[in-house]
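Results of the structural survey
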Amino acid sequence: GNMVEWCLPQDIDLEGVEFKSMASGSHKIQSDFIYFRKGVCFGLACFANMPVESELERGARMKSVGILSPSYTLLYRYMHFLENQVRHQLEMPGHYSHLEAFYDDKKGVLPDSKGTPNSQQPVHWLPSIHRYMYPEMKITHPAGCMSQFIKFFGEQILVLWKFALLRKRILIFSPPPVGVVCYRVYCCCCLANVSLPGLGGTVPESKPFFYVNVADIEILETEVSYVACTTEKIFEEKRDLYDVYVDNQNVKTHHEHLQPLLKINNADKEKYRRLNDQRQMLMYSQEVGEDCSSCEEDLFILFFMEQNNRIFQTLMEVSASQDKTLTADHARGMGLDPQGDRSFLMDLLEVYGIDVMLVIDNPCCT
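For clarity, every value in this text was computed on a predicted model and none was experimentally measured.

**Here we look at the overall build of the chain**
Secondary structure assignment for the chain yields eleven helices and ten strands. Here the chain holds 366 residues, and the buried ones make up 51% of them. Counted over contacts in the chain with a minimum sequence separation of 6, partners at least 24 positions apart contribute 64%. Summed over its atoms, the accessible surface of the chain is roughly 18,300 Å², and 52% of this surface lies on carbon and sulfur atoms.

**A closer look at the packing of helix 4 (residues 145–153) against helix 9 (residues 296–320)**
Viewed as axis vectors pointing N to C, helix 4 and helix 9 meet at an angle of 55 degrees, and their least axial separation amounts to 8 Å. Here helix 9 runs oblique to helix 4, going by the angle between their axes. Every residue of helix 9 that contacts helix 4 at Met146, Ser147, Phe149 and Ile150 is listed here: Glu296, Glu297, Phe300 and Ile301. Here the residues of the contact of helix 4 with helix 9 are counted per class, giving five nonpolar, one polar and two charged.

**Notes on the side chain of Ser21**
Along the polypeptide, Ser21 turns up in the loop between helix 1 (17–20) and strand 1 (31–38). A polar contact is formed between the side chain of Ser21 and the backbone oxygen of Val17, at a distance of 2.8 Å. Contacts of Ser21, omitting those with residues within four sequence positions, involve Ile34, Phe36, Ala45 and Ser64.

**Remarks on the nonpolar core**
Within the largest apolar cluster, 92 residues are counted, with the highest numbers of intra-cluster contacts made by Ile157, Phe300, Phe312 and Leu315. Here this core spans two domains, since at least three of its residues come from each of domain 1 (1–105) and domain 2 (139–315). Ile157 has contacts with Phe149, Ile150, Leu191, Tyr272, Leu275, Phe300 and Phe304, leaving out every residue within four places of it along the chain. Grouped together as the second largest cluster of nonpolar side chains are twelve residues, Phe173, Ile217, Leu220 and Leu241 included.

**A look at the pairing of strand 8 (residues 250–253)**
Residues Val251 and Thr253 point to one face of strand 8 and are all buried, whereas Asn250 and Lys252, pointing to the other face, are not buried. As consecutive antiparallel partners, strand 7 (residues 244–247) and strand 8 are separated by two residues, and within that stretch Asn248 has a phi angle of approximately 55 degrees, a positive value.

**Section: helix 2 (residues 79–91)**
The first and last C-alpha atoms of helix 2 sit 19 Å apart over 13 residues, in line with the 18 Å expected at 1.5 Å per residue. In the core, the buried residues of helix 2 are packed alongside strand 1, strand 2 (41–51), strand 3 (60–69), helix 3 (97–106) and helix 6 (179–190).

**Some points on the confidence of the model for the chain**
Mean pLDDT over the chain stands at 85; residues scoring 70 or higher make up 84%. For residues 115–138, every residue scores under 50 in pLDDT, and the model assigns this stretch 50 contacts once sequence neighbours within four places are set aside.

**Here we look at the side chain of Ser174**
By the element assignment, Ser174 lies in the loop between strand 4 (169–173) and helix 6. Once you skip the residues sitting within four places of it in the chain, Ser174 turns out to touch Val181, Thr230 and Thr231.

**Let's talk about the pattern of salt bridges**
As enumerated under the stated definition, the model contains 15 salt bridges in all. Residue Arg169 pairs with Asp243 through a salt bridge whose shortest N-O separation is 3.0 Å. Pair noted here: Arg169 is in strand 4 and Asp243 is in the loop between strand 6 (226–230) and strand 7, with a separation of 74 residues, a long-range link. Within this structure, Lys162, Asp268, Lys271 and Asp341 form a network of salt bridges that share partners.

**Points about the pairing of strand 5 (residues 207–211)**
Taking burial as the measure, the five residues of strand 5 include five buried ones, the bulk of the element. In terms of strand pairing, strand 5 meets strand 6 through four bridges, oriented parallel. Bridge pairing in strand 6 places Phe210 opposite Ala228.

Basis of the calculations
- Residues numbered from 1 in each chain as written.
- Predicted model: local features only at pLDDT ≥ 70, side-chain atom pairs only at ≥ 80, totals over all residues.
- Heavy atoms only, no water.
- Helix = DSSP H or I, 4+ residues; strand = E, 2+ residues; numbered from the N terminus.
- Buried < 20%, exposed > 50% of the residue type's maximum accessible area, 1.4 Å probe, protein only.
- Contact = heavy atoms within 4.5 Å.
- Areas by Shrake-Rupley, 256 points an atom, 1.4 Å probe, with all protein chains shown as cover.
- Axes fitted to C-alpha atoms, helices over the stretch in contact; angles between N-to-C directions.
- Parallel < 35°, antiparallel > 145°, perpendicular 65-115°, else oblique.
- Nonpolar A, V, L, I, M, F, W, Y, C, P; charged D, E, K, R; others polar.
- Polar contact = N/O pair within 3.5 Å; in protein donor to acceptor, adjacent residues only side chain to side chain.
- Core = buried A, V, L, I, M, F, W, Y, C linked by side-chain atoms within 4.5 Å.
- Domains from an automatic or database assignment.
- Pairing = 2+ DSSP bridges.
- Expected span 1.5 Å × (residues − 1).
- pLDDT = per-residue confidence, 0-100.
- Salt bridge = Lys/Arg side-chain N within 4 Å of Asp/Glu carboxyl O.

Below, the structure written as structure tokens:
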């Protein structure tokens, strides 16, 4: 099995991290990177696999080198260092001087399991994704990570958007490599950003768990909302752990009341068309040199944030009005399909505790 061979500080609780930092099935690939969650911290590890002539190691030496931080937003800065170090550890096992120097240079105070600092020194927390403010949400991704996400899921991103906004437990399955799937977790979380003040004090935070395995089952059983990915097919059978299961491009749910949300309606198609039109305009403006500052990630995040803000702005205005009546015209004004998005709207009102009366009738059957 996996084991932790070295760490600093030596008294830190790393139980289970040896399985989080090396995805199940990684022996079949040469290299990978992996984002994961450990308690209140986030980790980034780089994995590499090297053939060796050793019976003891069964012909292959596999290692991961990783770091933990209270926030995942800056971990990407150290990807290159970790990639170099895992190669170094494969070729010269047991030489930790570079890692010691790195730790001495970067070390901070990690929170303990209760989420409080474990010494008197100050901790500088970075806001994580549930703070709903987009500038602090950077994570590394290869150029075109967002466009890959859109190309991979196509119109299905509108289905994922609704589930993310409803704070459902979303589990993404894929065989290794898992690095690109961790980016899908991140992109999925970006779909649910809202920047309106005073919204959702009682709403569960949408937690990016990144990579999870069977060792995380106990933790996932207690979560009411998360987005995660796994390489372990066994999770599909554990239906009590998730609401939405994503297998490659196939998005499914075993909850009957969520089934209507899997259908792409006309309003979804229109949103997808607008998103693609904006992407085309961005690419054109970059080609002609008009605009080099904006990038596809910004466009993607802002597109969904504006959409979400419009929905919640309307809902809050209606809830503050005298008759509190939400009509088909309101739904259309929010960019939703009055009929196709009826069950989505009802769920949204319940999850966010918004007091309005929905008067959109179901179409009569003929």
